[in-house]
Amino acid sequence: MAQQEGSAVEEELEEDCVTYQHVKILESAGIGASDVKKLIEAGYNTIESVAYAPKKALLQIKGISEAKADKILTESMKRCAMGFTTATEFHKTRSEIIMLTTGSKELDKLLGGGIETGSITEIFGEFRTGKTQLCHTLAVTCQLPTDMGGGEGKCLYVDTEGTFRPERLLAVAERYGLDGAAVLDNVACARAYNSDHQTQLLLQASNMMTESRYALLVVDSAMALYRTDFSGRGELSARQMHLARFLRMLLRLADEFGVAVVITNQVVAQVDGASAMFNADPKKPVGGNIMAHASTTRLYLRKGRGENRICKIYDSPCLPESEAVFSIGNDGIGDSKD
């Protein structure tokens, strides 16, 4: 019975052409249905998520013994490509990566085609620089066909500051000729109220991604709740450890499901005399080195003239450090109006 169920799941996945394997497939490898259920309840919805997890994380699940954890990991790793591969094969995989359009041709050109799927893009800057507006535009453009710069998928939106506005999505949808009601139905939004809840929402996101095709996960903003839940140097270590686990979960979702993960971040002013004297723009993103190392691409937004904004590549493994000008309009992000 378990084998039939496992093969049925495999066939279903092949039909949908998805990049992940559902954890229920492990039932056909001799893993009990009750143990698979425990894995799902703990947030491990795919075989990849189990294979990527350290053994001690599985041992923390109630009812999973050391022997069971070993068997689960062994069977999961058999089904995942976790060894070495040639640079040729990796280059071929990279060439097939989908880019999501930002709505601005200049900004897309700066980013080498748009927001990259399968990785984390961090957008930081002062208030009123267009971070949330860019997220709203991406929530619509990710639903476009791939030949129009979209990802043909839904969007998950985690809002920590109460700035999510569906009416902005309708304005962007009208610009692209999309049905407004369908666009809103394809965006799942959740308000996070504290840093623990923010992490808990990612477990729900993982479950939702196994049930439907998603192209984008937005967290706006990633650090807002951490700045209030943890205060002072005494709690800095605990904050950074909690943040590291949150970012690790985001990276896992990007790896497993191939979604584009976009997080926004706030800035802090450097008040020490030396840096303020020699640095024309003494603002830096919050979150420290843990945030810096977790983000694949970091974009710095600042104000320009009128409705114009300037985007700078702050850090990227493959994009040169340069700038582009875009504007914020009634219909979302667009090209500069100069």
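It should be noted that the structure appears before, not after, this text.
Just so you know, these numbers come straight off a predicted model, no measurement behind them.

A. The arrangement of the pairing of strand β4 (residues 154–159) in detail. Most of β4 is tucked away, with five of its six residues classed as buried. In this sheet, strand β6 (residues 214–220) lies alongside β4 in parallel orientation, the contact comprising six bridges. Within β6, the residue paired with C155 across the bridge is L216. Pairing analysis gives five bridges linking β4 to strand β5 (residues 187–191), with the strands arranged parallel. Directly across from V158, in β5, lies its bridge partner A190.

B. Structural view of the nonpolar core. Counting 35 residues, the largest nonpolar core has L107 and L216 as its most contacted members. Ranked by residues supplied to this core, first place goes to helix α8 (residues 131–141) with five residues. Excluding residues that lie within four positions of it along the chain, L216 makes contacts with L100, L138, A139, C142, K154, C155, L156, V259, A260 and V262. Of all hydrophobic cores here, the second largest spans 31 residues; its members include A205, F257, V286 and M291.

C. Layout of the packing of helix α11 (residues 195–211) against helix α13 (residues 236–257). Between α11 and α13, whose axes approach to 10 Å, the crossing angle comes to 10°. Judged on the interaxial angle alone, α13 and α11 are roughly parallel. Residue-level contacts link S195, D196, Q198, T199, L202, L203, S206, M209 and T210 of α11 to H242, F246, M249, L250, R252, L253 and F257 of α13.

D. Spatial organisation of the sheet that holds strand β10 (residues 297–303). Taken in spatial order, the nine strands make up an open sheet running β5-β4-β6-β7-β3-β10-β11-β12-β13, and their pairing is mixed. A single partner strand is all that each edge strand has here, and the edge strands are β5 and β13 (332–335). For this sheet, the mean angle separating the axes of adjacent strands, direction not counted, is 25°. Two strands pair when backbone bridges link them, and β6 and strand β7 (residues 260–265) are joined in this way by four bridges, in the parallel orientation. Residue pairing for β7: L216 is matched across the bridge by A260. Strands in contact with α8 are β3 (120–125), β4, β5, β6, β7, β10, β12 (323–329) and β13; relative to β7, the strand with the most contacts, it is inclined by about 160°. Relative to β13, helix α9 (residues 166–175) is tilted by about 40°, and along the sheet it contacts β5, β12 and β13.

E. Representation of the layout of surface pockets. There is about 750 Å³ of room inside the second largest pocket. Around the second largest pocket sit 22 residues that line it, and Y44, A57, R245, M249 and R252 are the ones nearest its centre. Those elements that place two or more of their residues in the lining of the second largest pocket are α4 (55–59), α11 and α13. Taken together, the residues of the lining of the second largest pocket break down into eleven nonpolar, five polar and six charged.

The rules we used
Residues numbered from 1 in each chain as written. Predicted model: local features only at pLDDT ≥ 70, side-chain atom pairs only at ≥ 80, totals over all residues. Heavy atoms only, no water. Buried < 20%, exposed > 50% of the residue type's maximum accessible area, 1.4 Å probe, protein only. Helix = DSSP H or I, 4+ residues; strand = E, 2+ residues; numbered from the N terminus. Pairing = 2+ DSSP bridges. Core = buried A, V, L, I, M, F, W, Y, C linked by side-chain atoms within 4.5 Å. Contact = heavy atoms within 4.5 Å. Axes fitted to C-alpha atoms, helices over the stretch in contact; angles between N-to-C directions. Parallel < 35°, antiparallel > 145°, perpendicular 65-115°, else oblique. 1 Å grid on protein atoms, 1.4 Å probe; cavity = no way out; pocket = protein on both sides within 12 Å on 5 of 7 lines; lining within 4 Å. Points joined across faces, edges and corners; volume = space filled by probe spheres on them. Nonpolar A, V, L, I, M, F, W, Y, C, P; charged D, E, K, R; others polar.

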